[in-house]
Amino acid sequence: MNSVVVVPTYCEAANITAVLDGVLAASPDSDLLVVDDNSPDGTAVRVRSHPQFGHRVHLLQRPGKAGLGAAYRAGFAWALEAGYDAVVQMDADLSHPPERLPALLEALDRADVAIGSRYVRGGAVRDWPLRRRLISWAGNVYVRLVLGLPVRDATAGFKAFRREALTSIAVLDSVSNGYCFQIENTWRACRAGLTVTEVPITFSDRGLGESKMSPAIVREALGRVVVWRWRELTGASVAVPRAAGGPTGQRDAAA
Ligand SMILES: Nc1nc2c(ncn2[C@@H]2O[C@H](COP(=O)(O)OP(=O)(O)OP(=O)(O)O)[C@@H](O)[C@H]2O)c(=O)[nH]1
Ligand SMILES: [Mg+2]
């Protein structure tokens, strides 16, 4: 299966070369697409100067910071257009272990979506202070309970999709801007009846640089999750297709 790892970046100059090298070494059959929002720290310069640039490493340069969700939508559109069979999403801050890429891609032999999971047996979170662990754990419990999702790590950002999975969840019609993008697509996959499996990973605190997490990003996630569930319960609007291969999801403009 030919695959591409999509990596969104905003000011990740200090980490990006290590991420590129890690992915290229761990997954010799995967290409990489960096989606950079014109980072002022010169992240794109580092990408362009990589020896594999133009070969296995590609760059999608966007005009300005427009959020994680928008960057992933642009990257996924590029990957689908380029004809890859599998698409992986991965942060550029060294939190996601490239050495687990082969396991994630292998899991697509038996599933439509594979989640790199911190919260299944064998998974772990390293280096995070207790406060950060509790916030992540509570956020995950909130999402799982409100949406009723049958996965342990519903907020994970390290995931692999078969290309048909991305089209059947209508990922390009997703609406989340920030971190909520991760939740939205796990929810869409579960509701579309796709096979979702979890592969244990050890998640580490970001390497260098600063977090882009903000109160607005957290508010977006908390709010959207409730709205989605409310609409499901009241039958107000269905934003995702009912079954894999089904009709394209209806875009919910008000979400
Ligand atoms: N292209 C693009 N990438 C972004 C944007 N916001 C965040 N990112 C990238 O998305 C990934 C996740 O962002 P982080 O800042 O690490 O957010 P996080 O992982 O939720 O937070 P931390 O736990 O603090 O690392 C990183 O690779 C960021 O560089 C954005 O607006 N545009
Ligand atoms: Mg991070």
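Positions within a chain are numbered from 1, following the residues in the order the chain's sequence is written. Think of it this way: whatever chain is written first is A, whatever ligand is written first is 1, and the rest follow in order. With pLDDT at 70 or above as the cut-off, local features in this predicted model cover only qualifying residues; side-chain atom pairs require 80 or more to be listed or tallied, and sums for whole chains, interfaces and linings still use all residues. Each side-chain value is worked out from all heavy atoms of the structure, with water and hydrogens disregarded.

### Observations concerning the overall build of the chain
Which entries qualify depends on this criterion: Secondary structure elements are taken from DSSP: a helix is a run of H or I of four residues or more, a strand is a run of E of two residues or more, and numbering for both begins at the N terminus. Computation of the radius of gyration draws on C-alpha atoms alone. For the globule rule, the value is 2.2 Å times the number of residues to the power 0.38. Remark: exposure states derive from per-residue accessible area (1.4 Å probe, protein chains only) relative to the maximum for the residue type, with buried under 20%, exposed over 50%, and partly exposed in between. Here a residue-residue contact requires only that any non-hydrogen atoms of the pair lie within 4.5 Å.
Of regular secondary structure, the chain possesses 8 helices and 9 strands. The C-alpha radius of gyration computed for the chain amounts to 17 Å, which stays within 12% of the reference 18 Å derived for 255 residues, consistent with globular compactness. Taken over the C-alpha atoms alone, the chain extends approximately 55 × 40 × 40 Å along its principal axes. Burial statistics for the chain: of 255 residues in total, 52% are counted as buried. Nonlocal contacts in the chain, meaning residues at least 24 apart in sequence, comprise 79% of its contacts between residues at least 6 apart.

### Describing the site of ligand 1
Heads up, the rule is: Any residue with at least one heavy atom within 4 Å of a molecule or strand is counted as near it. In protein, a polar contact requires one atom able to donate a hydrogen and another able to accept it; more generally it is a pair of N or O atoms within 3.5 Å, and residues adjacent in sequence count only if both atoms are side-chain atoms. The accessible surface values rely on the Shrake-Rupley method and a 1.4 Å probe; as for residues, cover is taken only from the protein chains in view. For cavity detection a 1 Å grid was placed over the protein atoms alone, and a set of points counts as a cavity when a 1.4 Å probe fits there but cannot get out; an open set counts as a pocket when protein lies on both sides within 12 Å along at least five of seven lines, with lining residues being those that have an atom within 4 Å of a point. To be counted as sitting in a cavity or pocket, a molecule needs more than half of its atoms within 2 Å of that site's grid points.
In the vicinity of ligand 1 there are 21 residues, among which Glu12, Asp93, Arg132, Ser211 and Lys212 approach most closely. The contact in question runs from an oxygen atom of ligand 1 to an N or O atom on the side chain of Asp93, over 2.6 Å. Isolated, ligand 1 exposes 630 Å² of accessible area, and the fraction of that covered by the protein chains is 95%. If you map ligand 1 onto the pockets, it falls in the largest pocket. Breaking the shell around ligand 1 down by element, the ones donating at least two residues are strand S1 (3-9) and helix H3 (68-82).

### Things to note about the pairing of strand S5 (residues 113-117)
The cut-off we apply is this: Pairing between two strands is assigned when DSSP locates at least 2 bridges connecting them.
Of all 5 residues in S5, 5 are buried; the element is thus mostly enclosed. Of the two faces of S5, both are covered, the one formed by Val113, Ile115 and Ser117 as well as the one formed by Ala114 and Gly116. Pairing geometry for S5 and strand S7 (residues 159-162), over 3 bridges, is antiparallel. Its bridge partner lying in S7, Val113 is registered against Phe161. As defined by bridge partners, S5 adjoins strand S8 (residues 196-200) across 5 bridges and the pair is classed as parallel. Bridge pairing in S8 links Ser117 to Pro200.

### Some points on the pattern of salt bridges
Keep this limit in mind: For salt bridges, the criterion is a side-chain nitrogen of Lys or Arg within 4 Å of an Asp or Glu carboxyl oxygen.
Evaluated as defined, the whole model comprises 9 salt bridges. Here Glu12 ties to Arg206 by a salt bridge, and the two come within 3.1 Å at their closest N and O atoms. You can see Glu12 sitting in the loop between S1 and helix H1 (13-26) and its partner Arg206 sitting in the loop between strand S9 (202-204) and helix H8 (215-234), a full 194 residues away along the chain. Since its relative accessible area comes to 5%, Glu12 is described here as buried. Taken together, the shared-partner salt bridges connect Glu12, Asp93 and Arg206 into one network.

### Let's talk about helix H5 (residues 130-147)
Heads up, the condition is: Between the first and last residue of a helix there are one fewer steps than residues, each counted as 1.5 Å, and that sum is the expected span. It is the directions from the helix axis to the C-beta atoms whose arc is reported.
The first and last C-alpha atoms of H5 sit 26 Å apart over 18 residues, in line with the 26 Å expected at 1.5 Å per residue. Among all positions in H5, only Ser136, Asn140, Val143 and Leu147 are buried. Buried residues of H5 fall within an arc of 65° about the axis and therefore sit on the same side. In H5, the exposed positions angled more than 90 degrees off the buried face are occupied by Leu130, Arg131, Trp137 and Leu145. Its buried side turned inward, H5 meets helix H7 (180-191) and H8. Of the residues one or two after H5, Gly148 is the one with positive phi, at around 65°.

### Topic: a nonpolar patch on the surface
Which entries qualify depends on this criterion: Candidate patch residues must exceed 30% relative accessible area and have no salt bridge, after which like charges are joined if within 9 Å and Val, Leu, Ile, Met, Phe, Trp or Tyr side chains if within 5 Å.
Judged by side-chain polarity, Leu130, Leu134 and Trp137 come together as a nonpolar surface patch covering roughly 370 Å² of accessible area. Inspection of the secondary structure assignment puts Trp137 in helix H5. The exposed category is assigned to Trp137, whose relative accessible area is 52%.

### A look at the nonpolar core
Test applied: Buried residues of nine kinds, namely Ala, Val, Leu, Ile, Met, Phe, Trp, Tyr and Cys, make up a nonpolar core once their side-chain atoms join them within 4.5 Å.
One finds Val5, Ile16, Val23, Leu32, Val88, Leu104 and Phe158 to be the most contacted residues of the largest nonpolar core, which totals 31 residues. Those elements that place two or more of their residues in this core are S1, H1, strand S2 (30-36), helix H2 (43-48), strand S3 (57-61), strand S4 (86-89) and helix H4 (101-107). Among all residues touching Phe158, those that are not within four sequence positions of it are Val88, Gln89, Met90, His96, Pro97, Arg100, Leu101, Leu104, Ala114, Ile115, Gly116 and Ile201. The next biggest cluster of nonpolar side chains, apart from the first, holds 21 residues, and it includes Val4, Tyr84, Val87 and Ala189.

Without other data, these values stay purely geometric and don't point to any function.
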